Amino acid sequence: MESTAANFKENALGALGDARLRDALDKLSGGFPENRRKAAERLPEFEALRDQARDIKHHVLENLDHYLEAFEARVVEAGGTVHWCRTAAEARTTILRLCKQAGAKTVTKSKSMIGEEIAINEHLEHHGVEPVETDLGEYIIQLRREPPSHIIAPAIHLSKEQIADTFREKHRDLLADRPLEEPRALLEEARGILREKFVAADVGLTGANMLIAETGSTVLVTNEGNADLTYSLPRVHIVLASLEKIVPTLEDATTILRVLARSATGQEMSVYNTFCTGPKRPGDLDGPEEFHVVLLDNGRTDMLGGEFHDMLRCIRCGACLNHCPIYKSVGGHAYGWVYSGPMGAVLIPNLIGMENAHDLPNASTLCGKCEEVCPVRIPLPRMLRAWRKRQFEAQNTSKAARAGLRFWAFFAGQPWLYRIFANLAVGALHKLSRGRGRFRRMAFLGGWTTLRDLPAPAGKTFISQWHGKKPSESGHE
Amino acid sequence: MSEKPATLPTHVGLFATCLVDLTRPQVGFASAKLLQDAGCQVSVPKAQTCCGQPAYNAGDNADARAIATKTIKAFENFDYVVVPSGSCAGMLKHHYPGLFGDDPDMAARARSLAAKTHELTAFLVDVLKVEVTGVAFDGTVTYHDSCSALREMGVKRQPRRLLAGVGGLSLKEAKESETCCGFGGLFCVKYPEISGRMVDAKVDDIVDTGAGTLLSGDLGCLMNMAGRLHRRGIATEVRHIAEVLAGMADGPAIGAAEKKTD
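Residues numbered from 1 in each chain as written. Chains lettered and ligands numbered in written order. Predicted model: local features only at pLDDT ≥ 70, side-chain atom pairs only at ≥ 80, totals over all residues.

Caption draft 1: Region of the structure containing the overall build of chain A. Scanning chain A for helices and strands turns up 22 helices and 12 strands. Its C-alpha atoms give chain A principal-axis dimensions of about 90 × 60 × 45 Å. Residues counted as buried form 49% of the 477 residues belonging to chain A. Considering only contacts in chain A between residues 6 or more positions apart, those separated by 24 or more positions represent 75%. (Helix = DSSP H or I, 4+ residues; strand = E, 2+ residues; numbered from the N terminus. Buried ≥ 20, exposed ≤ 12 C-beta atoms within 10 Å, placed from the backbone. Contact = placed C-beta atoms within 7 Å.)

Below is the structure:
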């Protein structure tokens, strides 16, 4: 998809003015974080599991080549094929080729963020192959031709009324008097359409939450069971995954599953946890005849060993979005690309370039809540700062901000000068406040005073008062 | 103060923070009083200015490092460095050492400073192990956990423990006491509308407690919340926790009009 990450400020302003979005985000705030907290409380070893999950991913990243080759060998042994793709374009071309070879007219898809990242749907459509999203949320945003606004709940920004309107507009056979007020009715309407698509599809395209080096299996986690129908009914199963999804063993995969669902939705386990290993074997009652894994790099190996190395531990649970006060204020679309929230603010500049996503690392208070809840303990605030440092060094920080900082830093570096000017300034401001204690307007601080009063200084600085009062105690200067 | 301890008193360097220095001196005096009452000798080096965090969080590590160097030199000879702010304490404790990657000598001095740097309430409870006695504050208060205090400095139970010793004070916890208020240093002026949404949510949460006074340990957050409370015409008073603990909460609250003296 086209990125609008460069327009974050405008996107955010639009989002802040959207009352329906606000209702949707308020519901999100009330749900996932509270459920995660309870799930964590119920499991005494949750914190220890987080450490284990972090260590597993850390170990994989240190030995990525080894595990990727082991994974490929197991896939081949099981009768499948691994397609190594360096770029999004290579992955698109590979998937289209596999679809054409299969003579595919329709491709069913279970939700895949990598699919969004490489914009596979647009590519398939453009070449005459119809992609059908089968995750309910993803299906809804496909009908609306919107990007996901959340990595695990792609249609979280919509109300059920908006979804009903979308179905009435797009489902031509939908009777006008069919009630669609209840979520259940919406689900049944979508299910009715999707059943036919599942049966008719020639290729099933899924993502993968993990790839297991020990067995060559891919792991799929859903709450709707749509991934199982997507991979098992069509003749060809294509798995699209980025290469950092690898874990060494089945045991490691189960450790990560235990923190994944708890961190994401507060469930102990997601409803469907599906392990796919190769195509149908002789004697199997069902399953695909072909099994392909499209393994995508798309800039990730460039992150290895650098400041953003730890970001590759991410298991895409969405906890950092669910707990982020910025995300909860502006929603996912403001970030302007397929990822959002703190993980998006770190990852997006890596994938589409810092110059195309300048605001994302800056639009954060660095409150640290994301790191506090991250199941694999990614130091997200540290990496947001790392982007800011790069921007500052590349002189991408605005001239006004740079000048302001230099001015402040100059005074902060000259304590005696700072004292003189500080006392003059606070004295003047105090007089200006005329005992009211605060200002409603202040030059150069419009950003503050548009929405807030500015508390006025008390008239003399603490340090001048302290040393004026207590010369005897002013030692160690 | 007539009893002299047998050993030399603990010598504390008070890093007042630029916001306290410039806007609310009584937080500095209250902090000093709390430390002195606990038996410390308190010094306030004149060479202190800002901790350098605005530069550091803007990616300007060179300026942050220059400011850090001055701070380290001004404070490294004290037994402890105490800061009435989790945010600035976090800067000294967790971010200074990383600024001197190519200078082992300064890095070692930064680590040594970091090791003796404490947020005020944590220092009182965890290091000095003092209780608050003989101080009164009539009213219900709610406490905002500033992000850096909570997540960088591990400050959560210490301010509550101290407040429990204040006569007449009752604490009503807010549902979202651990949620960021939207200040974020330069964030609030760079992204004023997003910050505004965040502080509005915070103000709603504070109002829901019914508390007459909002306390916290970080002046930046307090000025942000006080500013929004005033703009919305809400009468909740806002103070730094040190003012209440030191029995110095009789002056005007943050952003409130000065009282007429007789």
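Still more ground to cover, so stick around.
Caption draft 2: Geometry of the overall build of chain B. Along its length, chain B carries 13 helices and 8 strands. Relative to the compact-globule value of 18 Å for 262 residues, chain B shows a C-alpha radius of gyration of 18 Å, a close match. In terms of principal-axis extent, the alpha carbons of chain B reach across some 50 × 50 × 35 Å. Taking all 262 residues of chain B together, 60% fall into the buried category. (Rg over C-alpha atoms; globule rule 2.2 N^0.38 Å.)

Caption draft 3: Geometry of the nonpolar core. By size, the foremost hydrophobic cluster in this structure holds 221 residues, and its most contacted members are L240(A), I256(A), V294(A), L296(A), I348(A), M225(B) and L245(B). When residues no more than four places from it in sequence are discounted, the contact partners of L245(B) are L34(B), V132(B), V135(B), L162(B) and V166(B). (Core = buried A, V, L, I, M, F, W, Y, C linked by C-beta atoms within 7 Å.)

Caption draft 4: Quick look at the interface of chain B and chain A. Between chain B and chain A, the contact holds 64 residues from the first and 58 residues from the second. Here the side of chain B that touches chain A gets 7 residues from one element, more than from any other, and that element is helix α12 (residues 219-231) of chain B. Here the side of chain B that touches chain A is composed, by residue class, of 31 nonpolar, 19 polar and 14 charged. (Nonpolar A, V, L, I, M, F, W, Y, C, P; charged D, E, K, R; others polar.)

Caption draft 5: A look at the sheet that holds strand β2 (residues 41-43) of chain B. All names here are of chain B. Pairing in this open sheet of 4 strands is parallel, and the strands run β2-β1-β3-β4 from one edge to the other. A single partner strand is all that each edge strand has here, and the edge strands are β2 and β4 (117-119). Here the strands of the sheet are splayed against their neighbours by 35 degrees on average, with no regard to which way each runs. Here strand β1 (residues 11-14) runs beside β2; their pairing, made up of 3 bridges, is parallel. Considered in β2, the bridge of V12 is made with V42. Across the sheet, helix α5 (residues 86-95) is in contact with β3 (80-83) and β4; its angle to β4 comes to roughly 160 degrees. (Pairing = 2+ DSSP bridges. Axes fitted to C-alpha atoms, helices over the stretch in contact; angles between N-to-C directions.)

Caption draft 6: How the structure looks around the environment of W416(A). Mapped onto the secondary structure, W416(A) falls in helix α20 (residues 415-433). As for W416(A) and K431(A), which are separated by 15 residues in sequence, their C-alpha atoms are 23 Å apart.

Caption draft 7: Up close: the pairing of strand β7 (residues 213-216) of chain B. All names here are of chain B. With 4 bridges connecting them, strand β5 (residues 136-144) and β7 associate as parallel partners. When the sheet's bridge partners are listed, H144 is paired in β7 with S216. Remark: the β7/α12/strand β8 (residues 237-240) crossover connection has right-handed handedness. (Right-handed = clockwise from strand over helix to strand, strands pointing away.)

Caption draft 8: Representation of the sheet that holds strand β8 (residues 246-247) of chain A. Residues and elements named next belong to chain A. A sheet is described by the order of its strands in space; here 4 strands give the open sequence β8-β5-β6-β9, paired in mixed fashion. The sheet terminates laterally at β8 and β9 (272-276), the two strands that pair on one side only. Each of β5 (210-212), β6 (217-222), β8 and β9 touches helix α12 (residues 250-264); the most contacted strand, β5, lies at about 160 degrees to it.

Caption draft 9: Region of interest: the packing of helix α9 (residues 160-170) of chain A against helix α10 (residues 183-200) of chain A. Residues and elements named next belong to chain A. Contact pair α9 / α10: the axes reach a minimum separation of 10 Å and the direction vectors enclose 30 degrees. Judged on the interaxial angle alone, α10 and α9 are roughly parallel. For the element pair α9 and α10, the recorded crossing hand is left-handed. The segment α9 lies against α10, with K160, I163, A164 and F167 engaging P183, L186 and E189. Across the contact of α9 with α10, the residue classes break down as 5 nonpolar, no polar and 2 charged. (Parallel < 35°, antiparallel > 145°, perpendicular 65-115°, else oblique. Left-handed = near helix turned anticlockwise from the far one by under 90°.)

Caption draft 10: Representation of the domain arrangement of chain B in the model. All names here are of chain B. As far as domains go, chain B holds domain 1 (11-125) and domain 2 (132-245). Here domain 1 and domain 2 have C-alpha centroids that lie 22 Å from each other. Contacts between domain 1 and domain 2 engage 27 residues on the former and 22 residues on the latter. Going through the elements one at a time, α1 (18-23), α2 (25-37), α3 (53-57), α5 and α7 (120-127) are the ones with two or more residues in the side of domain 1 that touches domain 2. In terms of residues, the side of domain 1 that touches domain 2 owes the most to one element, α5, which gives 6 residues. (Domains from an automatic or database assignment.)

Caption draft 11: Inspection of the domain arrangement of chain A at higher detail. Per the domain assignment, the segments of chain A are domain 1 (11-302), domain 2 (317-393) and domain 3 (400-473). A C-alpha centroid distance of 53 Å is found between domain 1 of chain A and domain 3 of chain A.

Caption draft 12: Spotlight on unusual backbone geometry. Within the chain, N298(A) stands out as a residue other than glycine whose phi angle is a positive 50 degrees. Turning to its location among the elements, N298(A) is positioned in the loop between β10 (290-296) and α13 (300-303). The residue T17(B) is not glycine, and still its phi comes out positive at about 85 degrees. Within the secondary structure layout, T17(B) lies in the loop between β1 and α1. Take T17(B): there are 29 C-beta atoms within 10 Å of it, and that puts it in the buried class.

Caption draft 13: Broad picture of the environment of A201(B). Residues and elements named next belong to chain B. Examined against the element boundaries, A201 turns out to sit in helix α11 (residues 192-209). What makes A201 buried here is the crowd of 20 C-beta atoms within 10 Å. When the C-alpha positions of A201 and C180 are compared, they lie 9.8 Å apart, and in sequence the two are 21 residues distant.

Caption draft 14: Spatial organisation of the confidence of the model for chain A. Confidence along chain A averages 93 in pLDDT terms, with 98% of residues attaining 70 or more. Contacts from residues 471-477 of chain A, a stretch scored under 50 in pLDDT, to residues over four places away or in other chains number 15 contacts. (pLDDT = per-residue confidence, 0-100.)

Caption draft 15: How the structure looks around the packing of helix α16 (residues 341-352) of chain A against helix α18 (residues 380-393) of chain A. Residues and elements named next belong to chain A. Packing of α16 against α18 brings their axes to within 10 Å, and their N-to-C directions diverge by 40 degrees. Judged by the angle between their axes, α16 and α18 are oblique. Crossing geometry of α16 relative to α18 is assigned as left-handed. Between α16 and α18, the contacting residues are P342, M343, A345, V346 and P349 on the first element and L380, M383, L384 and W387 on the second. Of the residues that constitute the contact of α16 with α18, the class distribution is 9 nonpolar, no polar and no charged.

Caption draft 16: Spatial organisation of the environment of V271(A). Residues and elements named next belong to chain A. Summarising the element assignment, V271 is placed in the loop between α12 and β9. According to the C-beta neighbour criterion, V271 is exposed, with 11 such atoms within 10 Å. In sequence terms V271 and A261 are 10 residues apart; their C-alpha atoms lie 9.4 Å from each other.

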